[in-house]
Amino acid sequence: MSDIDQLDIRRIDGGLLLVFRELCRRGRTTAVAAHLGLSQSAVSHALGRLRDIFGDPLFLRKPHGLEPTQRALLLAPRIEALIDMMGAALSPVAGFDPALSDRWFGIAATEAAGDDLFARLVDPVRRAAPRVGFNIQFVRGYRALDALRRGQVDLVLGRFDEPPSGFVSEPLFDDRYCVAARRGHPSIAGDIDVAGWRTTGHVFVSSSSLSDEVMGPTIGEDRMPTPREVATVAIAPRWETALAMVAASDAIATGPRRYAVRRAEALGLQVLEPPEPAPPWTVSMVRREGEDAGLDWFCAQVRAAAA
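Undergrad: When you look at empty space enclosed by the protein in this model, what are you seeing that I'm missing?
TA: It is the rolling of a water-molecule-sized probe over the atoms that shows where space remains empty. For the structure shown, the criterion picks out 4 cavities of 30 Å³ or more. Approximately 60 Å³ is the volume attributed to the largest cavity. Elements that contribute at least two residues to the lining of the largest cavity include exactly β7 (177-182), α10 (239-247), β10 (253-256) and α11 (257-267). With 4 residues, the single largest contributor to the lining of the largest cavity is β10.

This is the structure:
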């Protein structure tokens with residue numbers, strides 16, 4: 001290690017790392033100060049030292065608060081790992097006792113990935129750890145991974161081809177697409193062809209109002225048709241809403257089979273094969289790298305519920 005490297009390391013302490021992490025999570029110096037028990041001026045001073053050490057503004061002031069720069073986004077998982085290692089080194093007791101713990105675990109998941117699984121998770125967790133709980137947020141894609149990187153959640157469930165550096169991923173289960181229509185539909189009984197799929201009014205599902213973010217499979221093409229390319233009656237924010245709309249109308253929805261099958265009986269739905277084969281996908285469990293006995297235990301509960 002060079003003399004310059006040693007000098008830079010000597011300028012960093014655990015308090016600066018904590019300020020950096022909380023600025024990533026909270027985006028406001030007042031919130032960080034309150035959380036860490038510091039004055040706002042002390043947080044501002046720490047931010048100045050961090051900017052000097054890393055040679056970067058790190059956080060830019062925006063109307064909604066402080067926004068991390070690209071350099072800060074790259075540093076965040078490494079600093080998170082350093083804090084975790086420091087905490088593990090200083091902890092007087094190793095391991096995790098679920099019977100005594102009162103820890104809460106944060107989960108970001110897609111509705112289809114987590115809904116059924118969470119129903120099977122409550123009782124096992126409650127029996128083994130009566131004071132442990134978990135908080136669920138329905139978030140998908142890069143937003144979920146960003147929440148994980150910032151430490152706002154402990155675990156992410158969803159579809160990820162390859163998690164970014166600093167994360168580890170484990171497959172949980174496979175799912176595939178289906179077409180849902182109400183029983184007694186005037187033109188659909190037991191199956192549906194491509195022409196019918198394209199001309200029957202769809203209920204799409206999207207987390208926003210932008211049609212290019214609509215979720216769903218490709219049917220007969222190499223890409224997903226948008227609501228402007230097939231007959232569409234509505235865009236709903238959740239699959240639960242979409243299936244309820246389908247059950248009460250002559251519209252159809254194309255979505256995750258496990259989710260639709262679980263609700264078919266109660267809603268009076270037909271669950272049909274897509275008119276052309278659509279590839280299955282894998283739902284994975286993603287967490288940050290590093291040792292965490294409590295999270296290891298909770299991941300084992302999720303794994304068992306998924307099985």
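Undergrad: Is there a simple way to explain the confidence of the model for the protein chain in this structure?
TA: Caution applies to low-pLDDT regions: their predicted coordinates should not be interpreted in detail. Considering every residue of the protein chain, the mean pLDDT works out to 84; 87% of them sit at 70 or more. Here helix α1 (residues 3-10) is the element of the protein chain with the lowest mean pLDDT, 58, and strand β11 (residues 269-272) is the one with the highest, 94.

Undergrad: Sorry, what's going on with the pattern of salt bridges here?
TA: Opposite charge on two side chains allows them to pair when their charged atoms are near. For the structure shown, the criterion picks out 18 salt bridges. A salt bridge links R25 to E80; its shortest N-O distance comes to 3.3 Å. Of this pair, R25 sits in helix α2 (residues 14-26) while E80 sits in helix α5 (residues 70-90); the two residues are 55 residues apart in sequence, bridging distant segments of the chain. A residue is classified by how much of its surface remains accessible, and R25, at 23% relative accessible area, is partly exposed. D146 is the partner of R150 in a salt bridge, and the nearest nitrogen-oxygen pair spans 2.9 Å. By relative accessible area, D146 is classed as partly exposed at 26%. Through salt bridges that share partners, R21, E22, R25, R26 and E80 make up one connected network.

Undergrad: So what exactly am I meant to see when it comes to the packing of helix α6 (residues 111-119) against α11 here?
TA: When two helices pack together, their arrangement is captured by the angle between the axes and the distance separating the axes. Two numbers describe how α6 lies on α11: the axes approach to 8 Å, and their chain directions differ by 50°. On the basis of their axis angle, the class for α6 and α11 is oblique. The hand of the α6/α11 crossing is left-handed. Taken together, the residues of α11 that come into contact with α6 (itself represented by E111, A112, D115, D116 and A119) are R258, Y259, R262 and R263. Class assignment of the residues belonging to the contact of α6 with α11 gives a composition of 3 nonpolar, no polar and 6 charged.

Basis of the calculations
What you see as residue numbers is a count from 1 along each chain, following the sequence as written. Per-residue local features are limited, in this predicted model, to residues with pLDDT of at least 70; the limit for side-chain atom pairs, both in listing and counting, is 80 or more; totals at the level of whole chains, interfaces and linings are taken over all residues. Excluding hydrogens and water, the side-chain figures rest on all heavy atoms present in the structure. The pocket and cavity definitions rest on a 1 Å grid over protein atoms only: a 1.4 Å probe that fits but cannot leave marks a cavity, an open set with protein on both sides within 12 Å along at least five of seven lines marks a pocket, and residues lining either have an atom within 4 Å of a point. Grid points are joined across faces, edges and corners, and a volume is the space filled by probe spheres set on the points. The helix count covers DSSP runs of H or I at least four residues long, the strand count covers runs of E at least two residues long, and both are numbered beginning at the N terminus. For every residue, the pLDDT score states the predictor's confidence, bounded by 0 at the bottom and 100 at the top. Salt bridges are identified by distance alone: a Lys or Arg side-chain nitrogen within 4 Å of an Asp or Glu carboxyl oxygen. Exposure is judged per residue with a 1.4 Å probe applied to protein chains only, and the accessible area is read against the type maximum: over 50% gives exposed, under 20% gives buried, and values in between give partly exposed. Throughout, an axis means a line fitted to C-alpha atoms (over the contacting stretch in the case of helices), and angles, computed between N-to-C directions, take values from 0 to 180 degrees. Here is the rule for angles: anything less than 35 degrees is roughly parallel, anything more than 145 is roughly antiparallel, 65 through 115 is roughly perpendicular, and the remaining ranges are oblique. The hand of a helix crossing depends on one turn: near helix anticlockwise from the far one by less than a right angle means left-handed, and clockwise means right-handed. We call two residues contacting when some pair of their heavy atoms lies within 4.5 Å. Gly is put with the polar residues, along with every residue not named as nonpolar or charged; the nonpolar set is Ala, Val, Leu, Ile, Met, Phe, Trp, Tyr, Cys and Pro, and the charged set is Asp, Glu, Lys and Arg.

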